[in-house]
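Reading the structure
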Amino acid sequence: MLAVRRLRSIAKMVSNAVVDSHLHVWRKANDAEFRPHPDHPPPENIQGDEDFLLSEMDNAGVQTAVLVQPIVYKFDHAYIGSLIKSKPARFVGMALANTSSGPDVAQQQMEAIVADGFRGVRVNPNLLTEGETLSGPTTRAVLRTAAKLDIPVAMFVQPVHFQDLKDVLATSPQTKVIIDHFGFCRPVGDDDHFQILLNILEQFPNTFLKTSAFFRCSNEPYPYKDMYPWMNVLVEKIGADRMMWGSDFPWVLEQCGYKEAFDFAASIPGLSEEDRVKILRGTSSTVFNL
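Parameters and conventions
- Residues numbered from 1 in each chain as written.
- Predicted model: local features only at pLDDT ≥ 70, side-chain atom pairs only at ≥ 80, totals over all residues.
- Heavy atoms only, no water.
- Helix = DSSP H or I, 4+ residues; strand = E, 2+ residues; numbered from the N terminus.
- Buried < 20%, exposed > 50% of the residue type's maximum accessible area, 1.4 Å probe, protein only.
- Polar contact = N/O pair within 3.5 Å; in protein donor to acceptor, adjacent residues only side chain to side chain.
- Pairing = 2+ DSSP bridges.
- Salt bridge = Lys/Arg side-chain N within 4 Å of Asp/Glu carboxyl O.
- Axes fitted to C-alpha atoms, helices over the stretch in contact; angles between N-to-C directions.
- Parallel < 35°, antiparallel > 145°, perpendicular 65-115°, else oblique.
- Left-handed = near helix turned anticlockwise from the far one by under 90°.
- Contact = heavy atoms within 4.5 Å.
- Nonpolar A, V, L, I, M, F, W, Y, C, P; charged D, E, K, R; others polar.
- Right-handed = clockwise from strand over helix to strand, strands pointing away.
- Disulfide = S-S within 2.5 Å.
- Phe/Tyr/Trp six-rings, centres within 6.5 Å; stacked < 30°, edge-to-face > 60°.
- Arc of directions from axis to C-beta.

Observations concerning the environment of Thr171
With respect to the secondary-structure elements, Thr171 resides in helix 6 (residues 162-171). According to the relative accessible area criterion, Thr171 is partly exposed, its value standing at 34%. Considering only alpha carbons, one finds Thr171 and Ala213, 42 residues apart in sequence, at a separation of 29 Å. Polar contacts involving the side chain of Thr171 include one to the main-chain carbonyl oxygen of Val168, which spans 2.6 Å.

As for the pairing of strand 8 (residues 243-246)
Burial along strand 8 is two-sided: the face carrying Met243 and Trp245 and the face carrying Met244 and Gly246 are both buried. Here strand 7 (residues 207-212) pairs with strand 8 via 4 bridges, running parallel. Each residue of the ladder has a partner; that of Lys210, found in strand 8, is Met244.

Concerning the pattern of salt bridges
All told, the structure shown has 12 salt bridges when counted by the stated rule. Between Asp248 and Arg216 there is a salt bridge, with its nearest N and O atoms 2.6 Å apart. Residue Asp248 is located in the loop between strand 8 and helix 10 (258-266), and its partner Arg216 is located in helix 8 (residues 214-217); the two are separated by 32 residues in the primary sequence. Overall, the relative accessible area of 1% leaves Asp248 in the buried class.

What about the packing of helix 4 (residues 103-115) against helix 5 (residues 137-149)?
Interhelical geometry of helix 4 versus helix 5 gives an angle of 30° and a closest axis separation of 8 Å. Classed by the angle they form, the pair helix 4 and helix 5 counts as roughly parallel. Both helix 4 and helix 5 take part in a crossing whose hand is right-handed. Across the interface between the two elements, Pro103, Ala106, Gln107, Met110, Glu111 and Val114 of helix 4 pack against Pro137, Thr138, Ala141, Val142, Thr145, Ala146 and Leu149 of helix 5. Counted by class, the contact of helix 4 with helix 5 contains 9 nonpolar, 3 polar and 1 charged residues.

Focus: the pairing of strand 1 (residues 18-23)
With 6 of 6 residues buried, strand 1 lies mostly within the body of the structure. Across 4 bridges, the pairing between strand 1 and strand 2 (residues 62-68) is parallel. Paired with Leu23 across the bridge in strand 2 is Leu67. Since strand 1 and strand 2 lie parallel, the crossover through helix 2 (residues 50-60) that links them has a hand, and here it is right-handed.

Quick notes on the state of the cysteines
Disulfide: a covalent bond formed between the sulfur atoms of two cysteine residues. Within this structure, the stated rule accounts for 0 disulfides. As a non-bridged cysteine, Cys217 has Cys185 as the owner of its nearest cysteine sulfur, 7.5 Å distant. By relative accessible area, Cys217 is classed as buried at 0%. Cysteine Cys256 is unpaired, with the sulfur of Cys217 as its nearest cysteine sulfur at 13 Å. Taking the relative accessible area as the measure of exposure, Cys256 reaches 15% and is therefore buried.

Thoughts on the packing of aromatic side chains
Overall, the coordinates contain 16 aromatic pairs when judged by the stated rule. Between Tyr222 and Tyr224, the ring centres sit 5.6 Å apart and the planes meet at 90°, which makes this aromatic pair edge-to-face. What makes Tyr222 partly exposed here is its relative accessible area of 33%. Through successive ring pairs, a cluster of aromatic residues spans Phe182, Phe194, Phe214, Tyr222, Tyr224, Tyr228, Trp230 and Phe264.

Some details on helix 9 (residues 228-237)
Every buried residue of helix 9 is accounted for by Tyr228, Trp230, Met231, Leu234 and Val235. Projected onto a plane normal to the axis of helix 9, the buried residues spread over an arc of 165° and lie on a single side.

Quick word on the sheet that holds strand 4 (residues 121-123)
Read from one edge to the other, the open sheet built from 8 strands follows the order 1-2-3-4-5-6-7-8, with strand pairing classed as parallel. What marks the edges here is a single partner per strand, and that holds for strand 1 and strand 8. In this sheet, adjacent strand axes meet at a mean angle of 30° when their direction is disregarded. Alignment of strand 2 against strand 3 (residues 91-96), held across 4 bridges, turns out to be parallel. Directly across from Leu67, in strand 3, lies its bridge partner Gly93. In the packing of helix 5 onto the sheet, the strands contacted are strand 4, strand 5 (153-155) and strand 6 (177-179), and the crossing angle to strand 5 comes to about 145°.

Right under this line is the structure:
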């Protein structure tokens, strides 16, 4: 009986045009058209091109993917830009904010990429100007600019960044901000960090959470049952309309697999069908204006 319910739940998600809110794509290092950054070559053992991604999406019943600029290309957005133009019904672009050269450069880059069709930016604290923290002037400029451009900002943060995250969110509460991958909290031995994450989400109502890359946060193998309680707590505390599923392709292929990641997210116990639709489609559609 449970298996039948699970299949019906998944079928309903498929019929509602599922959105994968977080994944990456890249071509091989010797690709003639799109060369990787010399400091960040793509892994040789993981296939990550757009055609393979589309086959995985079709197999899982996923309609739309938010392509997050991979570090493979750093601040060169030509590859992702070409995909969102050639396949606008399947791909949406989230750029990597150029936070390595100060506030003015970051602002100018954001204005240019939005004009080029991107619908959001991601901040990686590891790429900030040397000596600057996440709560510093560059990230503040990114948030202010994003509010003016009406695009979301994804934060690639871990618990060590949570205090700076709170500080910078307070400077621009009107900006839509997405925290990636549960903020890299873990459900065993990391409950204090999860509570801090919950407090941040409750304090800043324009902040959303990617319930993505479960394999990065779980302490158990697939199907990551230790993540079930957190999902239910999150729905109770902040609501499913502030949660969005993401696969973290192609890294997920080294773990459970793409379709399996979707099947898991579509069948987590304790969630209503309405909540599942929001997590697997509705929230991303709203935040990215799909």
